[in-house]
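Coordinate analysis (summary)
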Amino acid sequence: MTTTGAGADTAAEDRVFAALANGTRREVLRLLRDEGPQPVQALADRFDMRRPSLSEHLKVLREAGLVSEQRSGRQRIYRLEAAPLAEVQDWLHPYERFWRQRLRGLGELLDRMPDDDRP
């Protein structure tokens, strides 16, 4: 997720963030991470929705590059593709560092303040 590439890079970043913005899609990613590749029906059985609705979520994840699909006979097996998540982490890292520094400064300020032990 670089700032140097406009256009296609920005569109790809937007697709990843849009995909991650939905709780159902994040849960699909968690299931694939924790339990490995799964057929679409096994994933659909975990949600209170019809298979076509879940297929729409899987399409969004696939277009964002977060999952891949492999056909095995009549089944479609979905697998987590974590590379775009590493790019999200790279994008978030400066913000994490920013907040860590702010909280460290707050901790130092609180350590310098006298304790108020009065009843």
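A brief structural summary. (Residues numbered from 1 in each chain as written. Predicted model: local features only at pLDDT ≥ 70, side-chain atom pairs only at ≥ 80, totals over all residues. Heavy atoms only, no water.)

A separate point is the overall build of the chain. Looking only at helices and strands, the chain features five helices and three strands. The order of α-helices and β-strands along the chain, N terminus first, is α-α-β-α-α-β-β-α. Here the C-alpha radius of gyration of the chain, 21 Å, is well above what a compact globule of 119 residues would show, namely 14 Å. For the chain, the spread of C-alpha atoms along the three principal axes comes to 75 × 45 × 20 Å. Per-residue burial for the chain yields a buried fraction of 24% across its 119 residues. Sequence-distant contacts in the chain: of pairs separated by 6 or more residues, those separated by 24 or more amount to 45%. Per element, the accessible surface of the chain, about 8600 Å² overall, is 50% carbon and sulfur. Averaged over its 20 positive side-chain charges, the chain has a centre that lies 7 Å from the centre of its 20 negative ones. (Helix = DSSP H or I, 4+ residues; strand = E, 2+ residues; numbered from the N terminus. Rg over C-alpha atoms; globule rule 2.2 N^0.38 Å. Buried < 20%, exposed > 50% of the residue type's maximum accessible area, 1.4 Å probe, protein only. Contact = heavy atoms within 4.5 Å. Areas by Shrake-Rupley, 256 points an atom, 1.4 Å probe, with all protein chains shown as cover. Lys, Arg positive; Asp, Glu negative; His and termini not counted. Charge placed at Lys NZ, Arg CZ, Asp CG, Glu CD.)

Let's shift gears to helix α4 (residues 51–63). Between its first and last C-alpha atoms α4 spans 18 Å; for 13 residues at 1.5 Å apiece the expected length is 18 Å, and the two agree. Those residues of α4 that sit buried are Leu54, His57, Leu58 and Leu61. Within α4, the buried residues cover an arc of 100° as seen down the axis, which keeps them to one side. (Expected span 1.5 Å × (residues − 1). Arc of directions from axis to C-beta.)

Interhelical geometry of helix α2 (residues 23–35) versus α4 gives an angle of 75° and a closest axis separation of 10 Å. By the angle between their directions, the pair α2 and α4 is classed as roughly perpendicular. Between α2 and α4, the contacting residues are Thr24, Arg25, Val28 and Leu29 on the first element and Leu54, His57, Leu58, Val60 and Leu61 on the second. Among the residues forming the contact of α2 with α4, the class breakdown is six nonpolar, two polar and one charged. (Axes fitted to C-alpha atoms, helices over the stretch in contact; angles between N-to-C directions. Parallel < 35°, antiparallel > 145°, perpendicular 65-115°, else oblique. Nonpolar A, V, L, I, M, F, W, Y, C, P; charged D, E, K, R; others polar.)

Another point: the nonpolar core. With 19 residues, the main nonpolar core has Val28, Leu43, Leu54, Leu58, Leu61, Leu66 and Tyr78 as its most contacted residues. For this core, the secondary structure elements donating two or more residues are α1 (8–20), α2, α3 (40–44) and α4. If you tally residues by element for this core, the top one is α2, at four residues. Not counting residues within four places of it along the chain, the set of residues in contact with Leu54 comprises Thr24, Val28, Val40, Leu43, Ala44, Phe47 and Met49. (Core = buried A, V, L, I, M, F, W, Y, C linked by side-chain atoms within 4.5 Å.)

Coordinates in, geometry out; function isn't part of it.
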